[in-house]
Amino acid sequence: GAGVSQSPRYKVAKRGQDVALRCDPISGHVSLFWYQQALGQGPEFLTYFQNEAQLDKSGLPSDRFFAERPEGSVSTLKIQRTQQEDSAVYLCASSFDSNYNSPLHFGNGTRLTVT
Amino acid sequence: LAKTTQPISMDSYEGQEVNITCSHNNIATNDYITWYQQFPSQGPRFIIQGYKTKVTNEVASLFIPADRKSSTLSLPRVSLSDTAVYYCLVLPMDAGNMLTFGGGTRLMVKP
């Protein structure tokens, strides 16, 4: 597709359920990022992939959060045993490479609501 | 990372030029400045970036004074559709392209 695609667009989970959020980056983009955005705040970095390698996962808030990109294309962010504080918009972004002048292209996010 | 400070919110009217200034007093020599725009219910979108002086593209202009301690994003003749949050980011050129967002400036364009 022309841009970064994320699914589902909305997800409602009961506390304690596991969720999986999908990101389809722009074809050929090497770098892939996940961000978490709380209402009224700027996005916060979660994790970064270069191809299939997860080079930085320092932003993942707990060991309940897990991300993968097994073939260097599609990525999945999994949250186990969801909690109410996990409610947020989860944004995926991709870029052609990791150079500073390679802008990030964001998807429209998945809005997760944990009840 | 250099700390950035920008207005929390701004109001403008259709047809006006809007200037959003970002302060980054402790910018380093190898830091560059980039701006992103985020419409409601969408992900951020790259607008413009620069290192010094002036950069212009089809969307905006970016003015950076010689001391680089601030930068100004200029949006000519805004329309209602320019209502969005605008983020100023300062990042080192040798540390990849991972972005660290602050709170941004919420621009409201009124008719």
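Only a predicted model underlies this, so the values are computations on that prediction, with no experimental measurement involved. (Residues numbered from 1 in each chain as written. Chains lettered and ligands numbered in written order. Predicted model: local features only at pLDDT ≥ 70, side-chain atom pairs only at ≥ 80, totals over all residues. Heavy atoms only, no water.)

Q: Let's hear about the overall build of chain B: which residues, and what values?
A: Helix and strand content of chain B: 0 helices and 9 strands. Put simply, chain B runs from its N terminus to its C terminus through helices and strands in the order β-β-β-β-β-β-β-β-β. Against the globule reference of 13 Å for 111 residues, chain B gives a C-alpha radius of gyration of 13 Å, in line with a compact fold. Principal-axis analysis of the C-alpha atoms gives chain B an extent of 40 × 30 × 25 Å. (Helix = DSSP H or I, 4+ residues; strand = E, 2+ residues; numbered from the N terminus. Rg over C-alpha atoms; globule rule 2.2 N^0.38 Å.)

Q: If you had to explain the pattern of salt bridges to someone new, which residues and values would you point to?
A: Tallied over the full model, the rule gives 4 salt bridges over all chains. Here Asp24(A) and Arg22(A) are joined by a salt bridge, their closest N and O atoms 2.7 Å apart. When the shortest N-O distance is used, the salt bridge between Lys110(B) and Asp11(B) registers 3.3 Å. Remark: Asp11(B) occurs in strand S1 (residues 9–13) and Lys110(B) occurs in strand S9 (residues 105–110); sequence separation between them is 99 residues. A residue is classified by how much of its surface remains accessible, and Asp11(B), at 53% relative accessible area, is exposed. (Salt bridge = Lys/Arg side-chain N within 4 Å of Asp/Glu carboxyl O. Buried < 20%, exposed > 50% of the residue type's maximum accessible area, 1.4 Å probe, protein only.)

Q: Give me the lowdown on the sheet that holds strand S2 (residues 18–23) of chain B, citing residues and values where you can.
A: Residues and elements named next belong to chain B. The 4 strands are arranged S2-S7-S6-S5 in an open sheet whose pairing can be described as antiparallel. Of all strands in the sheet, those bounded by a partner on one side alone are S2 and strand S5 (53–56). In this sheet, neighbouring strand axes are inclined to one another by 15° on average, regardless of whether the strands run parallel or antiparallel. Inspection of the sheet shows strand S6 (residues 61–64) paired to strand S7 (residues 70–75) by 3 bridges, in the antiparallel sense. If you follow Leu62 over to S7, its bridge partner there is Leu73. (Pairing = 2+ DSSP bridges. Axes fitted to C-alpha atoms, helices over the stretch in contact; angles between N-to-C directions.)

Q: Which residues make up the interface of chain A and chain B, and what are the values?
A: Counting residues at the interface gives 22 residues for chain A and 20 residues for chain B. Regarding the contact of chain A and chain B, the summed buried area is about 1,600 Å², with carbon and sulfur atoms giving 54% of it. The tally of links between chain A and chain B comes to 0 salt bridges. Where chain A touches chain B, the interface holds 12 residue pairs in polar contact (both at pLDDT 80 or more). In terms of residue count, strand S4 (residues 31–37) of chain A provides more of the side of chain A that touches chain B than any other element does, 3 residues in total. The class makeup of the residues in the side of chain A that touches chain B is 9 nonpolar, 11 polar and 2 charged. (Contact = heavy atoms within 4.5 Å. Buried area = accessible area lost by both parts, 1.4 Å probe. Polar contact = N/O pair within 3.5 Å; in protein donor to acceptor, adjacent residues only side chain to side chain. Nonpolar A, V, L, I, M, F, W, Y, C, P; charged D, E, K, R; others polar.)

Q: Explain the sheet that holds strand S7 (residues 65–68) of chain A residue by residue, including any values.
A: Residue and element names in this part refer to chain A. Taking strand neighbours across the sheet as the criterion, the 4 strands line up as S1-S3-S8-S7 in an open arrangement whose pairing is antiparallel. A single partner strand is all that each edge strand has here, and the edge strands are strand S1 (5–7) and S7. Taking each pair of neighbouring strands and ignoring which way they run, the sheet shows an average axis angle of 15°. Where S1 meets strand S3 (residues 19–24), 3 bridges bridge the pair, whose relative direction is antiparallel. Across the sheet, the residue bridging to Gln6 is Cys23, located in S3.

Q: Please give an account of the nonpolar core that cites residues and values.
A: Counting residues in each nonpolar core, the largest one holds 22 residues, and the members touching the most others are Trp35(B), Leu73(B), Leu75(B) and Tyr86(B). With 4 residues, the single largest contributor to this core is strand S8 (residues 84–92) of chain B. Counting residues in hydrophobic clusters, the runner-up holds 20 residues, among them Cys23(A), Trp34(A), Leu60(A) and Phe65(A). (Core = buried A, V, L, I, M, F, W, Y, C linked by side-chain atoms within 4.5 Å.)

Q: Lay out the packing of aromatic side chains in plain terms, naming residues and giving numbers.
A: Counted under the stated rule, the structure contains 12 aromatic pairs over all chains. Pairing Phe33(A) with Tyr35(A) gives two aromatic rings, centres 6.5 Å apart and planes at 35°, and the pair type is tilted. As far as the burial class goes, Phe33(A) and Tyr35(A) line up, both buried. Note on Tyr35(A) and Phe101(B): the rings are 5.8 Å apart at their centroids and 85° apart in plane angle, and the pair reads as edge-to-face. One end of the pair, Tyr35(A), is in strand S4; the other, Phe101(B), is in the loop between S8 and S9, on a second chain. Since its relative accessible area comes to 0%, Tyr35(A) is described here as buried. Aromatic ring contacts, followed pair by pair, group Phe33(A), Tyr35(A), Phe45(A), Tyr48(A), Phe106(A), Tyr36(B), Phe46(B), Tyr87(B) and Phe101(B) into a single cluster. Positioned above the aromatic ring of Tyr10(A) is the side chain of Arg9(A), whose terminal nitrogen or guanidinium carbon lies 5.7 Å from the ring centre. (Phe/Tyr/Trp six-rings, centres within 6.5 Å; stacked < 30°, edge-to-face > 60°. Lys NZ or Arg CZ within 6 Å of the ring centre and 35° of its normal.)

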